[in-house]
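Fold and geometry: a report
So the chains spell out like this:
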Amino acid sequence: MNRLSYMALVGVVILSGSLLPGCKSSRGVASSGDYPSAGVVQSSLPYSLETVAANYREWTDVSVPVTLRLTTPKNLSVGARARMVRGRCIDLSFRMLGFEVARVWITPDSLVAASRPKKVYLSESLTKITSGLPVNLENLQDLLIGRPFIPGGSTLALADSTTMFLDTSSGSVRLLPRASQPLADYGFVLDLPAVVTALGVVAEEHDVTFTASYSGPQPLTPAGNVMDNVDLSVSTPRADYAASVAWRWKSARWNEAISVDPPVTEGLRRVTSSQLMKIIKDM
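What counts and what doesn't
Residues numbered from 1 in each chain as written. Predicted model: local features only at pLDDT ≥ 70, side-chain atom pairs only at ≥ 80, totals over all residues. Heavy atoms only, no water. Helix = DSSP H or I, 4+ residues; strand = E, 2+ residues; numbered from the N terminus. Buried < 20%, exposed > 50% of the residue type's maximum accessible area, 1.4 Å probe, protein only. Contact = heavy atoms within 4.5 Å. Areas by Shrake-Rupley, 256 points an atom, 1.4 Å probe, with all protein chains shown as cover. Pairing = 2+ DSSP bridges. Phe/Tyr/Trp six-rings, centres within 6.5 Å; stacked < 30°, edge-to-face > 60°. pLDDT = per-residue confidence, 0-100. Salt bridge = Lys/Arg side-chain N within 4 Å of Asp/Glu carboxyl O.

This next bit is on the overall build of the chain. The secondary structure content of the chain amounts to five helices and 15 strands. Counting the 283 residues in the chain, one finds 52% classified as buried. Look at the contacts in the chain between residues 6 or more apart in sequence, and 61% of them connect residues 24 or more apart. Here the chain has roughly 12700 Å² of accessible surface; of this, 51% comes from carbon and sulfur atoms.

Okay, here's the thing in structure tokens:
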């Protein structure tokens, strides 16, 4: 893989995840007719929202090896070390033969992908990427490691029972918002032991569908349950994209008060997101 391909691969993985709040639900995860009024109790569930929330704990930072794979429209795979500071940054460093060949840096405000050997970088406003929708960096972190979350808020907590509820009307256990969303319907699918196994969203107005599927639960980390494998897919009228994220949690280091500096872009040529997508198609 050429060095610029690292940036292309990571760009698709991250940008596809950022599309989440701009969609409405799909694959039976949620629909506008499924929303009950506040106060409705689902008494026949095998577990409660409290049981689900108890699977997830607060964390401050983590450093962990990860493998990113793009499966559509190309098939590419690359390993990296991910460093995340809760609510502050996601940092991905890609090395070859001991040298860093690419870096991706995401903050609450922006996304920067840089390749110093190729002397190029991509810089986008996170608000522009998400079209101003209520998604924040904590949501993106939760999306990538397989935790239920409130768009614009944080990981699901017991206090969110006024916002979310558990439903079995479709034959599966789903975590759904109580109120219909003006810009996005969405829902999580749950499985024993009360952890998220899928997230589905779809924007019917724009014919855009997003799904995330999770496998390999790791319940005994300092952050509670996280998932080994995340499969992401985005379908749009223009193109389809699919990628996967494989975490090596057994090699993770948690809550060590790490400090991560942004990549240096001085002396690099800036490329646009459309140029990045063209790079992918031309590979």
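Turning next to the pairing of strand β6 (residues 120-125). Every regular strand shows the same layout, with side chains that alternate between the two sheet faces. Burial within β6 is extensive, with five of its six residues counted as buried. As paired strands, strand β5 (residues 110-115) and β6 are joined by six bridges and run antiparallel to one another. In the sheet register, Val112 faces β6, and the bridge partner there is Ser123. The hairpin turn running from β5 into β6, its antiparallel successor, is four residues long, and Lys119 in that turn takes a positive phi close to 60°.

It is worth spelling out the packing of aromatic side chains at this point. The tally for this structure, following the rule as stated, stands at five aromatic pairs. Both rings, one in Phe149 and one in Phe188, keep their centres 5.4 Å apart while their planes meet at 80°; by these two values the pair is edge-to-face. Here Phe188 lies in strand β9 (residues 186-191) and Phe149 lies in the loop between α4 (137-145) and β7 (164-167), a separation of 39 residues in the sequence. A centroid spacing of 6.3 Å and a plane angle of 85° characterise the contact between Tyr186 and Phe188, whose relative ring orientation is edge-to-face.

Our focus in this paragraph is unusual backbone geometry. Phi is positive for Lys119, close to 60°, though the residue is something other than glycine. Tracing the backbone through its elements, the reader meets Lys119 in the loop between β5 and β6. Its identity as a non-glycine residue notwithstanding, Ala257 has a phi of 55°, on the positive side. Along the chain, Ala257 turns up in the loop between β14 (253-254) and β15 (269-271).

The next thing to look at is the confidence of the model for the chain. Detailed reading of the predicted model is not advised wherever pLDDT is low. Per-residue pLDDT for the chain has a mean of 80; in total, 77% of the residues score no lower than 70. Helix α1 (residues 3-18) is the least confidently modelled element of the chain, averaging 49 in pLDDT, while β14 averages 98, the highest of any element. Confidence over residues 1-8 falls short of pLDDT 50; this stretch has 30 contacts with residues more than four positions distant or in other chains. For the stretch residues 15-43, pLDDT sits under 50, and the model shows 89 contacts to residues farther than four places along the chain or on other chains.

Throughout the structure, instances matching the rule amount to seven salt bridges. The closest approach of N and O atoms between Arg86 and Asp142, which form a salt bridge, is 3.2 Å. Residue Arg86 is located in the loop between β2 (76-85) and β3 (89-96), and its partner Asp142 is located in helix α4; the two are separated by 56 residues in the primary sequence. The same class applies to Arg86 and to Asp142, which are both buried. The partner of Asp142 in a salt bridge is Arg147, and the shortest N-O contact between them spans 3.0 Å. With respect to burial, Asp142 and Arg147 carry one shared label: buried.

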